[in-house]
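Listed below are the residues making up each chain.
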Amino acid sequence: QVQLVESGGGLVKSGGTLRLSCVVSGRKINLDSLGWFRHTPGKGREFVAAISPVGGYTNYADSGKGRFTISRDNARNTGYLQMTVLQPGDTAVYSCALCVSYSAMSSGRADYWGQGTQVTVSS
């Protein structure tokens, strides 16, 4: 059984910083690309960032480019998303995901999903 558990979300003021974590159990994450997606009632599911299995490649949506940093620690079986200069438009539920294909993840594909952590940015 594969489980992805996100943490680190919360309420932050505009301009603030949050670091999200994704702890994976039941599967070695060095086999997979890891990504983050966000979910809002208005926009639905939106790709945020992806990182290849050993961290050699990263990809960011324009919304977070220059502000967000995705990383991973395979020894800890954990992924991260550092978000800086947060804005009210970043408010969403952020979910971690694994995918066997790095290119497919950027198109919205994932093979395993976490349930997400709420990020709320106040103005």
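Residues numbered from 1 in each chain as written. Predicted model: local features only at pLDDT ≥ 70, side-chain atom pairs only at ≥ 80, totals over all residues. Heavy atoms only, no water.

1. Regarding the pattern of salt bridges
Working step 1: Inspection of every chain in the model, using the stated rule, returns 7 salt bridges.
Working step 2: Between D32 and R27 there is a salt bridge, with its nearest N and O atoms 2.5 Å apart. (Salt bridge = Lys/Arg side-chain N within 4 Å of Asp/Glu carboxyl O.)

2. What about the sheet that holds strand 8 (residues 78-83)?
Working step 1: Strand order in the open sheet formed by 4 strands is 1-3-8-7, and the pairing between neighbours is antiparallel. Two strands lie at the open edges of the sheet, namely strand 1 (3-7) and strand 7 (68-73), each paired on one side alone. Going across the sheet, the axis of each strand differs from the next one's by a mean of 15°, ignoring polarity.
Working step 2: Where strand 1 lies against strand 3 (residues 18-25), 5 bridges are found, and the strand directions are antiparallel. By the bridge assignment, L4 is partnered in strand 3 with V24. (Pairing = 2+ DSSP bridges. Helix = DSSP H or I, 4+ residues; strand = E, 2+ residues; numbered from the N terminus. Axes fitted to C-alpha atoms, helices over the stretch in contact; angles between N-to-C directions.)

3. Details of the nonpolar core
Considering soluble globular proteins, one finds that nonpolar side chains tend to be buried as a cluster.
Working step 1: By size, the foremost hydrophobic cluster in this structure holds 24 residues, and its most contacted members are L34, W36, F68, I70, L81, M83 and Y94.
Working step 2: Put simply, the parts of the chain that give this core at least two residues each are strand 3, strand 4 (33-40), strand 5 (44-51), strand 7, strand 8, strand 9 (92-99) and strand 11 (117-122).
Working step 3: The next biggest cluster of nonpolar side chains, apart from the first, holds 9 residues, and it includes A50, A97, A104 and A110. (Core = buried A, V, L, I, M, F, W, Y, C linked by side-chain atoms within 4.5 Å. Buried < 20%, exposed > 50% of the residue type's maximum accessible area, 1.4 Å probe, protein only.)

4. Here's the deal with the state of the cysteines
Working step 1: Throughout the structure, instances matching the rule amount to 1 disulfide.
Working step 2: Each sulfur of the disulfide joining C22 and C96 lies 2.2 Å from the other. Of note, the bridge from C22 to C96 carries an S-S torsion of about -80° and is left-handed in sense. Of the two residues, C22 sits in strand 3 while C96 sits in strand 9, which places them 74 residues apart along the sequence. (Disulfide = S-S within 2.5 Å.)

5. With respect to the pairing of strand 7
Working step 1: Alternating positions in strand 7 separate cleanly, F68, I70 and R72 being buried on one face and T69, S71 and D73 remaining unburied on the opposite face.
Working step 2: Here strand 7 pairs with strand 8 via 6 bridges, running antiparallel. Residue pairing across strands places F68 opposite M83, the latter belonging to strand 8.
Working step 3: Count of turn residues in the strand 7/strand 8 antiparallel hairpin: 4 residues, of which N77 carries a positive phi of about 55°.

6. Observations concerning the side chain of S95
Working step 1: Take S95: it is sitting in strand 9.
Working step 2: Beyond its immediate stretch of four places on either side in the chain, S95 contacts E6, G35, W36, F37, H39, W113, G114, Q115 and G116. (Contact = heavy atoms within 4.5 Å.)

7. A few points about the packing of aromatic side chains
Working step 1: Per the stated rule, a full pass over the model turns up 3 aromatic pairs.
Working step 2: When the ring of F37 is compared with that of W113, the centres are 4.9 Å apart and the planes differ by 55°; the resulting orientation is tilted. On the criterion of sequence distance, the pair formed by F37 in strand 4 and W113 in strand 10 (residues 112-113) is long-range, its members being 76 residues apart.
Working step 3: Look at F37 and you get buried, because its relative accessible area is 0%.
Working step 4: When its relative accessible area of 32% is taken as the criterion, W113 is described as partly exposed. (Phe/Tyr/Trp six-rings, centres within 6.5 Å; stacked < 30°, edge-to-face > 60°.)

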